[in-house]
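Observations on the model geometry
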Amino acid sequence: MRFSIRRFFSAASGGAIILLLSALLGLLLSNSFLSESYFKVLHLKMPFSALDDAPNLAEFISIAPMSLFFFVVIAEIKEEIISGHLASFRRVILPLISALGGMMIPACLYGLITSGHLEVSRGWAIPIATDAAFTLPIILALGRHVSEGARVWLMALAIFDDLLGIVVIALFYASHLNGYALLAAGLITAVMIGLNKKSVQNLWVYASAGVVLWWALLVSGLHPTIAGVITGLALPSVADQPEKASPLERGKQIIAPWVIWLILPLFGFVSMGMSLSAMSFHVLLAPVPLGVALGLFLGKPIGVFGATIMATRLKIATLPKGTSLQMLFGLSLLCGIGFTISLFIAELAFSGSDFLVPAKYGILMGSLLSALAGWLWLRFLKFPAKGV
C-alpha cells in the first residue's frame, strides 16, 4: 500500500506535539539552573579524528540524524512529482519559484537594514531559509484549514529552500574545501545514479552508499545533510515486481517512524537551546537581530507570496488543488519560520563574533512571529478553496 503524504502527515500528528514539547524543554533547560550542564553536553566534541574541526554533539544531531529527515521529505516530494500533486511541470515549478522569491527578498531586506555596518554583512543569508522541521507541526495541527495540495506545496518549497540554502553555504560560506572528498562524493553520487539506472532493488546497497556519501560530504566541507536528499533521489520508485513495494517506499516506511518520534523531537530539544539572559528591547533593535527578524517575518512572506503570484499571473504555474490565494498567503507567513539552516549560517557567518547571539535572537523572534501570524491567519480566517 502506498505510504502517501496524507498518511505521513496523519502519522506525524503525535510526533509533532512531542517535537514542540521537546523544543520548549530545550529552551527552558538552557535558561534554568541546569543550563551549564545542558550546554556542556551539547558542546561535547564528537570523536571524528579525520576532521580538523570535529562537530560537537548539537552540530552532529543537525547534520547526521536530520539527514534522515531530509530523506523522508525528499522521498515524499519525489512520489508526488511522479504520481501526485506535483506530477506536472507547472506544479513542480511553483514551489521552486516561490522558494527563489523567498530567498531574494529576505536577503535584500537584511542588507537594507544593516547597510552601513560592513562588519555584519556576512549575515545576509541567515533569514533566507524555511525550516521544514518546524513548519510541519503547525500545518499538521491546522488540519482541515490547510488543503492537502497546499501542504505538498509548502513541504516542496521548504525542501527547495533548504537545498538552495545549502548551495548558498557551499558558494559563499564554505571554507577549507577538501577536493579529494568532493571528488569522492561526486563518484559515489554517480554510482548511486548508475544503480538506479540498473534498477537495483537492494535497499542496503543504497543505504551503505548513502552513509559513505554523508561522510565524504562532511569531510569535504559541504553540509552533509544533502546526502539524505541524494539518496532519496537515487532510490528507484518502481519495484521489479508488481506485488512488492519499491526501494523508495520501503526505505521511507523504515525511516519515517524514527524521524517522527525520535529525530525531530531530538532536533527540537537541541536547536532551541539558547540563553535569553542578554535579550532586551535595545538588543533586539540592533541591526543584526532586527535585520534577521524582519527578513524572516516580512521578507519571507513578501518574497514567497509575490513570486507565487507572479508565476500564476504569467501562467507559468497553477495554484495547488484546493488552495486559494488567501490560504497561500497564510502559508507564506509560515515560511518565515527558520531554524536549521538559519542557525547553521549564523554559526558560519559570525563564528567567534559578538554578533552570533544577537543573530540567534533575531532567528527566534522572527520565527515565533511568523509562526503566530501564520497560525492565526490560517486558523481563524475563512476563505474559499480554489486551485487546480
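Anything mentioned here points back to the structure above.
Residues numbered from 1 in each chain as written. Predicted model: local features only at pLDDT ≥ 70, side-chain atom pairs only at ≥ 80, totals over all residues. Heavy atoms only, no water.

What follows is about the environment of Ala-125. Note that Ala-125 resides in the loop between α6 (89-113) and α7 (132-142). For Ala-125, a relative accessible area of 0% gives the class buried. A sequence separation of 224 residues divides Ala-125 from Ala-349, and the C-alpha atoms of the two residues are 8.7 Å apart. What Ala-125 contacts, discounting residues up to four positions off in sequence, is Val-168, Tyr-173 and Ile-345. (Helix = DSSP H or I, 4+ residues; strand = E, 2+ residues; numbered from the N terminus. Buried < 20%, exposed > 50% of the residue type's maximum accessible area, 1.4 Å probe, protein only. Contact = heavy atoms within 4.5 Å.)

Let us now look at helix α10 (residues 203-220). An ideal rise of 1.5 Å per residue puts 26 Å on 18 residues; α10 measures up with 25 Å between its terminal C-alpha atoms. For α10, every residue scored as buried is listed here: Leu-203, Tyr-206, Ala-209, Gly-210, Leu-213, Trp-214, Ala-216, Leu-217, Leu-218 and Ser-220. Along its buried surface, α10 packs onto α4 (57-63), α5 (65-83), α9 (179-197), α11 (226-234) and α12 (247-271). The backbone nitrogen of Trp-204 has a side-chain oxygen 2.9 Å away, supplied by the residue at the start of α10, namely Asn-202. Two residues or fewer past α10, Gly-221 is found with a positive phi of approximately 100 degrees. (Expected span 1.5 Å × (residues − 1). Polar contact = N/O pair within 3.5 Å; in protein donor to acceptor, adjacent residues only side chain to side chain.)

What follows concerns the layout of surface pockets. Rolling a probe over the atoms, with the probe sized like a water molecule, indicates the empty space that remains. Quantified by volume, the second largest pocket comes out at close to 480 Å³. Taken together, 19 residues form the lining of the second largest pocket, with Leu-68, Ala-207, Val-211, Thr-231 and Ile-255 sitting closest to its centre. When residues of the lining of the second largest pocket are traced back to their parent elements, those giving at least two are α5, α10, α11 and α12. Top element by residues in the lining of the second largest pocket is α10. It accounts for seven residues. (1 Å grid on protein atoms, 1.4 Å probe; cavity = no way out; pocket = protein on both sides within 12 Å on 5 of 7 lines; lining within 4 Å. Points joined across faces, edges and corners; volume = space filled by probe spheres on them.)

Judged by side-chain polarity, Leu-96, Leu-100, Met-104, Ile-105, Leu-298 and Ile-302 come together as a nonpolar surface patch covering roughly 510 Å² of accessible area. Secondary structure elements with two or more residues in the nonpolar patch: α6 and α14 (287-313). Structurally, Leu-298 can be placed in helix α14. Exposure remark for Leu-298: the relative accessible area of 37% places this residue in the partly exposed category. (Patch = residues over 30% accessible without salt bridge, like charges linked within 9 Å, V, L, I, M, F, W, Y side chains within 5 Å. Areas by Shrake-Rupley, 256 points an atom, 1.4 Å probe, with all protein chains shown as cover. Salt bridge = Lys/Arg side-chain N within 4 Å of Asp/Glu carboxyl O.)

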